[in-house]
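Overview (structure and organization)
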Amino acid sequence: MAKVKKKVKSIKIDLDKCNGCRACEMICSAFHANPKYSSNNPARSRIRLIRDPIRDVYLPVYAGEYTAAECMGRDKYVIDGKEYSECDFCRASCPSRDAFKEPDSGLPLKCDMCEDDPAQEKPLCVKWCLNDALIYEEREEEVEEEVKLGEMEVGLESLVDKYGLQKVTDTVARMSKKS
Amino acid sequence: MRYAETGYHLEIDLSRGNVERVETDPKLTELHLGGLGTNSKLLWDRVPPETDPFSPDNLLIFGTGLLCGTPAVGANRTIVSAFSPQTLFMAYSMMGGFWAPELKYAGYDKVIFRGKSPNLIYVWINNDKVEIRDASHLKGKGAVETAELIKQELKDPNVQVAAIGLAGENRVYMASIEQGRSSASRQGIGAVMGDKGIKAIAVRGTKDVNIARPAEFLELSNEVLKYIQHRAENPIKNVEPIFEGLGSPQEMKLIDEKWHTTGFMWGNARTRRKDYWTKDVEEKWKETQESMRTRLISCYNCPMKCGAIVSVPGLSTYMMKCYSKLTYTMAAFSDLDFGFRIAQRATDYGVDGFSTPQTMAFALELYEAGILTDQDMPGMPSDTEGRFYWLLDRIVRREGIGDVLANGTYWAAKQIGKGAEEFAHNNIKKHEQLPLKLGMLNPVYFLMYCTGEKANITQIEGQFPQEPFPKREQREEFVKDWIQVPDEKFKQYFLDWEPRGDNSNPHYPTAQMSCEIVDWMEKMHYIDDALGVCAGLSSFPLKPPYHIHNYPAFISAATGIDMDEAGLTQVYRRNRNLIRSVNVRRGLRRADEKPPEDHWKKRFPELEEKLLDAYYQFKGWNKEGIPTQETLKELDLAYVAEDLEQRGIIKNG
């Protein structure tokens, strides 16, 4: 495969600066509503704040790839005396938890860096984080070209994993007949 | 579809164990917005005025503001209403935090409790699924601990819990409802929750809150964010640090407490210590604060950091906001280390950080004066700090003298007698006030202290500086970017207000000006409390991001209701008059409207009467402070006028 230049977007997360307000979740869900900003609902957000004030745990984490299987083991990390589950840091939309799934359909969610139309100069979670817990950074990297799955394909893939290809095909066929 | 609001109430009858989801009338949103406005409408409609606060017929209403759960920055307030055992009037204690947005996401604008549960219960609201659950295992547990235990029990860290501690269970009048970093503390609202047998309300919601005109609404919210940044970079000049910025007073961030410790009163609101704040004290307090404060934190969707996680070595962690940092410290003539320590226990017990320390200081004064004796205080330690813990433990359990003190200074003094009433000197409408004693009467503050329906100065003051700036140039600079004024004339009032001479307190601002200034400040609080926007970004600090000129656009874009400044002013007046009428029906009259006698050294009885007359007239009220027929009718409150007339409270015509 050919090598291509790719802009790598990243968000630097400074846990110490997080004030726990969850504006990131709010604005993410509003931006991805259809029409844009017509509703908001942190449960649809592609960023989640793992928050446990009494233990001073404030950890924003972004939705990554969908995965059909959960991990075999769940490790625990202790950092500065605070215990985190491995899952706390994990970006996957996975069967072991509710995070990063549409609350109604259960379809997986994934952070798109607000590249949606119109593209934003930086992800809105970063813009709304006045405390600079989230800092946007860009860099260029050379990577191998790859074919990316679109949003619908990821969704379909998760449905296939859940119900099997046959059932999904049958349902789609039945639905297209009805309409 | 309903916008900004969900359009549903959750009605819970605790006597019958019945839960209903009830659709609300959108017309009421147009008339009252939400939050405090619609709470007061429910109390007017459904609770007869003779109802005892501890009767099953008293409603306990958890109302979210209209904008809670929308992208509007800082819209996160829960307004809790009931008839108050403390003041006997309408209580509307409020809390920020995360509970109100979560309730909106669960699909409800309010939770309305009636009746009483025979056993201690907690309520679990999970979207459409609502359960009344046994809470016998939580009996006696601290409010903070209760929230943690419920989250574990429900296996969901995203559940938001509002809970009472021991004080609420025992119907202590100063009991609060605690919710993470926030609490609804005033007017005995936690006692009503305990009386109904509710230990906690846990909420989790994963539904949408909708906006009528999304792009417009987001633009407005972005402007607010930008203005917050602007204000962070441009603190207000020529004022004490505490007035420079936005938010509630930045007690968790600021170390410099010169203004409070040397200006406010210590002990039972009597002793001023002008020389208290020294370099040594500052160093010691800095060390204490920095070693115990783990993180500065906010409420939902707000970039401010008004609260903190506090970890005192050896004690369990809790969250603190604002002025409770100083109330115990100063009431006990102690230091910040003690303040942080005792506040941990007080927060878990769930008590109001204003009334509780003042009541304890009051008890110790009575003891010093021989009115309370060793017989009343068996086994009380000899040091003040030890005595505070001793008293606190007894108050929340209603043990011995604690049972008397648990009703606050006003009622306790009545019960103790022997001249104790002289010591309950810092009350308005039977409720403890900020420990503040000043020299010269300020006409604007006089009116706010007298007539505030909540009897809480911090929830009526805000937009207009507390005192004149010494120099004209300073005043000119201040008014330059004062975009929040409803009318240009307020700039002139401020420009002409002098520390001394003809244009100074108590005769300037004039009665008319004072009425207008108070009306402006009140208006902003009433709007905030209906919308659920934190006063810290609106009605409380100088030059806030929300004001009368941008609020109508927020409301219109969020809800689709056509709203302009005149319309919003009308809603404010309607809500103001409705709450006044609820209280008038419960007996509120002119005689109740007075500040603590010793609040100012220099008092002017004639002028004060004139001020009150002018204010009542300005409001369209009679000499007793009761809204007139015409006023009520003009505000679509003819049904209120009719009721007051039938009861013989007002006359026709």
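None of the values given here were measured: they were computed from a predicted structure.

Concerning the overall build of chain B
From N to C terminus, chain B includes 25 helices and 22 strands. Against the compact-globule benchmark of 26 Å for 653 residues, chain B has a radius of gyration of 23 Å, which places it among compact chains. Along the first, second and third principal axes, the C-alpha set of chain B runs to 65 × 65 × 55 Å. Here chain B holds 653 residues, and the buried ones make up 57% of them. Pairs at least 24 residues apart make up 69% of the contacts formed inside chain B by residues separated by at least 6 positions.

Let's talk about the interface of chain A and chain B
Accessible area lost on assembly of the parts is the figure often given for the size of an interface. Listed by partner, the interface residues are 24 residues for chain A and 33 residues for chain B. Of all the secondary-structure elements, those providing two or more residues to the side of chain A that touches chain B are helix H1 (23–31) and strand E2 (39–40) of chain A. Element by element, the count of residues in the side of chain A that touches chain B is highest for H1 of chain A, at four residues. The residue makeup of the side of chain A that touches chain B, split by class, is 13 nonpolar, seven polar and four charged. In the sheet, E2 of chain A pairs with strand E13 (residues 209–210) of chain B via two bridges, with the strands oriented antiparallel. Residue pairing for E13 of chain B: Ser-39 of chain A is matched across the bridge by Asn-210 of chain B.

Regarding the pairing of strand E17 (residues 307–310) of chain B
All names here are of chain B. Where burial is concerned, the two faces of E17 agree: the one with Gly-307 and Ile-309 and the one with Ala-308 and Val-310 are both buried. Two strands pair when backbone bridges link them, and strand E16 (residues 293–297) and E17 are joined in this way by four bridges, in the antiparallel orientation. Bridging from a neighbouring strand, Arg-295 pairs with Ile-309 of E17. Relative to strand E18 (residues 318–321), E17 runs antiparallel, the two sharing four bridges. Bridging from a neighbouring strand, Ile-309 pairs with Met-319 of E18.

So, the sheet that holds E17 of chain B
Two strands in a sheet stick together by hydrogen bonds in their backbones, pointing the same way (parallel) or opposite ways (antiparallel). Residues and elements named next belong to chain B. Strand order in the open sheet made by the three strands is E16-E17-E18, with antiparallel pairing throughout. The sheet is open, and its two borders are formed by E16 and E18, each paired with just one other strand. For this sheet the average axis-to-axis angle between neighbouring strands, irrespective of direction, equals 30°.

Quick word on the environment of Ile-47 of chain A
Residues and elements named next belong to chain A. Along the chain, Ile-47 turns up in strand E3 (residues 47–52). Exposure remark for Ile-47: the 27 C-beta atoms within 10 Å place this residue in the buried category. For the pair formed by Ile-47 and Ile-79, sequence separation is 32 residues and the distance between their alpha carbons is 21 Å. Ile-47 has contacts with Cys-24, Glu-25, Cys-28, Pro-60, Tyr-62, Cys-111 and Cys-125, leaving out every residue within four places of it along the chain.

As for the nonpolar core
Among the nonpolar cores identified, the biggest contains 225 residues, and Tyr-122, Ile-201 and Ala-202 of chain B are the most heavily contacted of them. Not counting the four nearest positions on each side in its chain, Tyr-122 of chain B is found in contact with Arg-133, Ala-135, Leu-138, Ile-150, Ile-198, Lys-199, Ala-200, Ile-201 and Ala-202 of chain B.

Quick notes on the domain arrangement of chain A
Residues and elements named next belong to chain A. Looking at the assigned domains, one finds that chain A contains domain 1 (3–146) and domain 2 (148–179). Computed over C-alpha atoms, the centres of domain 1 and domain 2 are 26 Å apart. Contact residues are listed per partner, giving six residues for domain 1 and six residues for domain 2. For the side of domain 1 that touches domain 2, the class distribution of residues is four nonpolar, no polar and two charged.

Some points on the domain arrangement of chain B
Residues and elements named next belong to chain B. As assigned here, chain B comprises domain 1 (8–204), domain 2 (240–432) and domain 3 (438–646). Across the boundary between the two partners, domain 1 contributes 36 residues, which contact 29 residues of domain 3. Contributing elements (two or more residues each) for the side of domain 1 that touches domain 3: helix H1 (26–32), helix H2 (35–46) and strand E5 (90–95). Taken together, the residues of the side of domain 1 that touches domain 3 sort by class into 19 nonpolar, 13 polar and four charged.

A few points about the confidence of the model for chain B
Considering every residue of chain B, the mean pLDDT works out to 97; 100% of them sit at 70 or more. Interface predicted TM-score (ipTM) for the complex: 0.95; the corresponding pTM is 0.95.

Regarding helix H16 (residues 408–416) of chain B
Residue and element names in this part refer to chain B. The complete set of buried residues in H16 reads Gly-408, Thr-409, Tyr-410, Ala-412, Ala-413 and Ile-416. In this structure, the buried side of H16 is in contact with helix H13 (355–368), helix H15 (401–405), strand E19 (427–428) and strand E20 (431–432). Positive phi appears at Gly-417, one or two residues downstream of H16, with a value of about 65°.

Overview of the pairing of strand E4 (residues 78–83) of chain B
All names here are of chain B. Buried residues dominate E4, accounting for six of its six residues. The two faces of E4 match: Thr-78, Val-80 and Ala-82 on one face and Ile-79, Ser-81 and Phe-83 on the other face are all buried. Pairing geometry for strand E3 (residues 60–64) and E4, over four bridges, is antiparallel. When the sheet's bridge partners are listed, Phe-62 is paired in E4 with Val-80.

Things to note about the packing of helix H11 (residues 324–331) of chain B against H13 of chain B
Residues and elements named next belong to chain B. Packing of H11 against H13 brings their axes to within 9 Å, and their N-to-C directions diverge by 5°. The pairing of H11 with H13 is recorded here as roughly parallel in orientation. Each of Thr-327, Tyr-328 and Ala-331 in H11 lies in contact with H13, whose residues at this interface are Pro-357, Gln-358, Met-360 and Ala-361. Of the residues that constitute the contact of H11 with H13, the class distribution is five nonpolar, two polar and no charged.

Focus: the sheet that holds strand E1 (residues 8–13) of chain B
Residue and element names in this part refer to chain B. The strand order across the open sheet built from six strands is E2-E1-E6-E3-E4-E5, with neighbouring strands paired in mixed fashion. Two strands bound the open sheet, and with one partner strand each, they are strand E2 (18–23) and E5. Each strand of the sheet is rotated relative to its neighbour by a mean of 20°, with strand direction disregarded. Strands in contact with helix H3 (residues 99–106) are E3, E4 and strand E6 (110–114); relative to E3, the strand with the most contacts, it is inclined by about 85°.

Scoring rules and cut-offs
Residues numbered from 1 in each chain as written. Chains lettered and ligands numbered in written order. Predicted model: local features only at pLDDT ≥ 70, side-chain atom pairs only at ≥ 80, totals over all residues. Helix = DSSP H or I, 4+ residues; strand = E, 2+ residues; numbered from the N terminus. Rg over C-alpha atoms; globule rule 2.2 N^0.38 Å. Buried ≥ 20, exposed ≤ 12 C-beta atoms within 10 Å, placed from the backbone. Contact = placed C-beta atoms within 7 Å. Nonpolar A, V, L, I, M, F, W, Y, C, P; charged D, E, K, R; others polar. Pairing = 2+ DSSP bridges. Axes fitted to C-alpha atoms, helices over the stretch in contact; angles between N-to-C directions. Core = buried A, V, L, I, M, F, W, Y, C linked by C-beta atoms within 7 Å. Domains from an automatic or database assignment. pLDDT = per-residue confidence, 0-100. Parallel < 35°, antiparallel > 145°, perpendicular 65-115°, else oblique.

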